[in-house]
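What follows is each chain in one-letter form.
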Amino acid sequence: MDDIAQDPSSGTPAERAARGRAIWTQYSEQYPLAAVEDVIADLLHLADEDVPGGAEAVLDRAERHHDAERTERALAGLPSAWARAARRCM
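Everything numeric in this text was worked out from a predicted model, so none of it was measured.

Peer 1: Hey, could you run me through the overall build of the chain in this one?
Peer 2: Scanning the chain from terminus to terminus reveals 4 helices and 0 strands. The N-to-C order of helical and strand elements in the chain reads α-α-α-α. Every one of the 90 residues in the chain was classed for burial, and the buried ones make up 18%. Residue pairs in contact within the chain that sit at least 24 positions apart in sequence constitute 33% of those at least 6 positions apart.

What follows is the structure, encoded as structure tokens:
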């Protein structure tokens, strides 16, 4: 399981979406014809320059984080034994 899904400081998916929306609002004010994928592409170019492993490493981690969060949402409310069994199958 990816740590971000268990990190309370990462916030709920709704809180994370609100953070993304704040970034999107600022970006789209400066570039009104842009789409969400444009800001993501720009961030990937930043990752190529500033992050060890570049955009590919960032995309891999981002996908794992997103998948872990979706898994936790899907398992929320299940009895613990069922959740453990489901995690073993994933």
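Text resumes after the structure shown.
Peer 1: I'm lost on helix α3 (residues 54–75) in this one. Help?
Peer 2: In an α-helix, one full turn covers 3.6 residues, which means residues spaced three or four apart are oriented alike. Over its 22 residues, α3 extends 32 Å from the first C-alpha to the last, a length consistent with the 32 Å expected when each residue adds 1.5 Å. Of the surrounding secondary structure, the elements contacted by the buried residues of α3 are α1 (13–30), α2 (36–50) and α4 (80–89).

Peer 1: What should I look at first to understand the environment of V36 in this one?
Peer 2: Relative to the elements of secondary structure, V36 occurs in helix α2. Taking relative accessible area as the criterion, V36 reaches 43% and is therefore assigned partly exposed. Measuring from C-alpha to C-alpha, the distance between V36 and G20 comes to 9.9 Å, with 16 residues separating the pair along the chain.

Peer 1: Would you take a moment to explain the pattern of salt bridges for this structure?
Peer 2: A complete count under the given rule lists 3 salt bridges for this structure. A salt bridge links E69 to R16; the shortest N-O distance between them is 2.9 Å. You can see E69 sitting in helix α3 and its partner R16 sitting in helix α1, a full 53 residues away along the chain. Ionic pairing is found between E72 and R87, a salt bridge with its closest N-O pair at 3.0 Å. With E72 in helix α3 and R87 in helix α4, the pair connects residues that are 15 residues apart, well separated along the chain.

Peer 1: Hey, could you run me through the side chain of E69 in this one?
Peer 2: A relative accessible area of 13% means that E69 is categorised as buried. Within the local environment of E69, its side chain forms a polar contact with the side chain of R16, the two groups lying 2.9 Å apart.

Peer 1: What exactly am I supposed to notice about the packing of aromatic side chains here?
Peer 2: Applying the stated rule across the entire model yields 2 aromatic pairs. With a centroid separation of 6.1 Å and 25° between ring planes, the pair formed by W24 and Y27 is classed as stacked. Taken together, the positions of W24 and Y27, both in helix α1 and 3 residues apart, correspond to about one turn of that helix. Ring centres 5.1 Å apart and planes at 45° place the aromatic pair Y27 and Y31 in the tilted group. With a relative accessible area of 15%, Y27 lands in the buried category. Each member of the aromatic cluster is reached from another via a ring pair, and the members are W24, Y27 and Y31.

Definitions and cut-offs
- Residues numbered from 1 in each chain as written.
- Predicted model: local features only at pLDDT ≥ 70, side-chain atom pairs only at ≥ 80, totals over all residues.
- Heavy atoms only, no water.
- Helix = DSSP H or I, 4+ residues; strand = E, 2+ residues; numbered from the N terminus.
- Buried < 20%, exposed > 50% of the residue type's maximum accessible area, 1.4 Å probe, protein only.
- Contact = heavy atoms within 4.5 Å.
- Expected span 1.5 Å × (residues − 1).
- Salt bridge = Lys/Arg side-chain N within 4 Å of Asp/Glu carboxyl O.
- Polar contact = N/O pair within 3.5 Å; in protein donor to acceptor, adjacent residues only side chain to side chain.
- Phe/Tyr/Trp six-rings, centres within 6.5 Å; stacked < 30°, edge-to-face > 60°.

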